[in-house]
Amino acid sequence: MKRFRIEEHPLFSADDVAPAVNAVVAAMEPGDQAVLSYGVYRFGGTIRIQNPNGLRYCRIALEGEYTYTGSGPALRIEGEHLDFSLQRIATGRRSDFYKTSPDDVLPTGVEVGECNYSRLDFGEIEGFEYGLKLCPDRDDTGICYTKFTFQYISYCYIPLYFGVDDGAVAWINENQFTGGRLKGYYGMVARKGARQIDEYNNNSFWNIRFEKVTKDAIFCEFSAFNSFIKPVFSEIGGFYLNQKASSKGNTFTIEAKTSISKLAFYSKGDIVKAPLTDASGAVVASELTTTNLKSAASVKKGFTLTNKKDMTAGPGTTNLPLNIGTVNVSSASGAVTLRTDANASFENNSFMLRVTGYGKAIQVNNLAGKITSAGTYKIIYMGGEWRAVKLS
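Heads up: these notes are all about the structure in this document. (Residues numbered from 1 in each chain as written. Predicted model: local features only at pLDDT ≥ 70, side-chain atom pairs only at ≥ 80, totals over all residues. Heavy atoms only, no water.)

1. Section: the sheet that holds strand E39 (residues 385–390)
Reasoning step 1: Taken together, the 5 strands give an open sheet; going across it, the order is E32-E34-E36-E38-E39, and neighbouring strands pair in mixed fashion. Looking at strand neighbours, the two that pair on one side only are strand E32 (309–312) and E39, the edges of this open sheet. The average angle at which neighbouring strand axes cross in this sheet is 20°, direction not considered.
Reasoning step 2: Looking at chain direction, strand E36 (residues 350–355) and strand E38 (residues 375–382) are connected through 6 bridges and run antiparallel. Along E38, the bridge assignment pairs Leu353 with Tyr377. (Pairing = 2+ DSSP bridges. Helix = DSSP H or I, 4+ residues; strand = E, 2+ residues; numbered from the N terminus. Axes fitted to C-alpha atoms, helices over the stretch in contact; angles between N-to-C directions.)

Spelled out as structure tokens, the structure:
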């Protein structure tokens, strides 16, 4: 087992550390350790944490602050059973204006190719197109059983990116990500590779704070059975969660109040557990689900409603809150129309209607027919329509 001090290598220069780091890593064998002691460094070529013989069972620590001046990826990692840490890497670009034309693309910060059973620890990654980019690019390779930790990935177009290369049949499964803060044009994005057949699945994301994100905080395609535990959202311009139709079965557990209007779901079998609020900020539900995995193509939301409200409706149109419990109608002076919340039309959702007096027939949404007699009714959404069941 060898211990390398990278600053002692003949190729070492504080103005371009890449040649010395690459030479040391290329010579490492299982059990070796390498350290670059704390300092302020620069480099212009890609640092490659990889080995022609396969990097395995090695420990590498790049301490200090690194400024990247090149155009390709700043860092590329491939290996198995690695213990790698990097304290800070940046381009010097700190702006909330994210350029999106082809001529304005920034370099990638950290690329991760095939990497399994490893621990990758990042302090700060700042000012890149992609901050941390997971991108296996060869057939039958992937990223599995690896623990990622980070402190702050900022001023990046996409701070955390899942993107299997379009030319590869590869995967990113069963990894753990612990934050840390993400700040950028997006927060986290998962996009399907052209030849990818295995969804991004069974990854877990812990305590990540998404802040000052211009678009969506979490945007996922082709993602299944992943868990997001205690994410925090602050100053998000788009949706907190935007789950596309190719995704399914993901779970989001959020502790803070979360507006239903900030959630966009086109997926099936996803679950959000959170204090969910309506437009007024009132908590109306504790859980959101999307239709069962075997359901029809049209995705519908369902809610576990809480804090149900009772109210009285008089002549005219009354808009009901999502968490309506009971509506009482006792006025005989005119027609009554009840309109449910836009999110209320989910299977088996219901509320009670008590009619003790009325002047004209009572209309509920597009309910076939009108209620024309006193009594107690259960108004229920079933089979794609609202129905009235008279109980007494």
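Having seen the model, we can carry on.
2. Focus: the pattern of salt bridges
Side-chain pairing between opposite charges can occur once the charged atoms of the two side chains come close.
Reasoning step 1: Per the counting criterion, the structure on display carries 18 salt bridges.
Reasoning step 2: When the shortest N-O distance is used, the salt bridge between Arg88 and Glu126 registers 3.2 Å. With a gap of 38 residues between them, Arg88 in strand E7 (residues 83–90) and Glu126 in strand E9 (residues 119–126) connect regions that are remote in the sequence. Side by side, Arg88 and Glu126 carry an identical accessibility label, which is buried. (Salt bridge = Lys/Arg side-chain N within 4 Å of Asp/Glu carboxyl O. Buried < 20%, exposed > 50% of the residue type's maximum accessible area, 1.4 Å probe, protein only.)

3. Examining helix H1 (residues 18–26)
Reasoning step 1: Regarding H1, the residues found buried are Ala18, Ala20, Val21, Val24 and Val25. Down the axis, H1 shows its buried residues gathered within 165° of arc, on one side only.
Reasoning step 2: Buried residues in H1 make contact with strand E1 (3–5), strand E2 (33–36), strand E3 (40–43), strand E4 (47–49) and strand E5 (59–68). (Arc of directions from axis to C-beta. Contact = heavy atoms within 4.5 Å.)

4. With respect to the layout of surface pockets
Reasoning step 1: Its volume calculated, the largest pocket comes out at about 160 Å³.
Reasoning step 2: As for the largest pocket, its lining consists of Tyr130, Lys133, Cys135, Asp137, Tyr161, Gly163, Val164, Asp165, Asp166, Arg191, Lys192 and Gly193.
Reasoning step 3: Going through the elements one at a time, strand E10 (130–134) and strand E13 (158–163) are the ones with two or more residues in the lining of the largest pocket.
Reasoning step 4: For the lining of the largest pocket, the per-class residue count stands at 4 nonpolar, 2 polar and 6 charged. (1 Å grid on protein atoms, 1.4 Å probe; cavity = no way out; pocket = protein on both sides within 12 Å on 5 of 7 lines; lining within 4 Å. Points joined across faces, edges and corners; volume = space filled by probe spheres on them. Nonpolar A, V, L, I, M, F, W, Y, C, P; charged D, E, K, R; others polar.)

5. Concerning the sheet that holds strand E33 (residues 316–319)
Reasoning step 1: Spatially, E33-E35-E37 is the arrangement adopted by the 3 strands of the open sheet, whose pairing is parallel. Edge positions in the sheet fall to E33 and strand E37 (362–364), since each of these pairs with one other strand and no more. Mean inter-strand twist for the sheet, computed between neighbouring axes without regard to direction, equals 20°.
Reasoning step 2: Sheet analysis places E33 next to strand E35 (residues 336–339), joined by 4 bridges and oriented parallel.

6. Points about the packing of aromatic side chains
Reasoning step 1: Tallied over the full model, the rule gives 23 aromatic pairs.
Reasoning step 2: Geometrically, the ring pair formed by Tyr157 and Tyr186 is edge-to-face, given 6.2 Å between the ring centres and 80° between the ring planes. Of this pair, Tyr157 sits in the loop between strand E12 (147–156) and E13 while Tyr186 sits in the loop between strand E16 (181–184) and strand E17 (188–191); the two residues are 29 residues apart in sequence, bridging distant segments of the chain.
Reasoning step 3: A relative accessible area of 18% places Tyr157 in the buried class.
Reasoning step 4: Tyr186 sits in the buried class, given a relative accessible area of 15%.
Reasoning step 5: Taking the centre distance of 4.8 Å and the plane angle of 15° together, the rings of Phe228 and Phe252 count as stacked. With a gap of 24 residues between them, Phe228 in strand E23 (residues 227–229) and Phe252 in strand E26 (residues 251–253) connect regions that are remote in the sequence. Phe252 matches Phe228 in its accessibility class, with the two residues each being buried.
Reasoning step 6: Members of the aromatic cluster, connected to one another through ring pairs, are Phe148, Phe162, Phe177, Tyr200, Phe205, Phe228, Phe252 and Phe265. (Phe/Tyr/Trp six-rings, centres within 6.5 Å; stacked < 30°, edge-to-face > 60°.)

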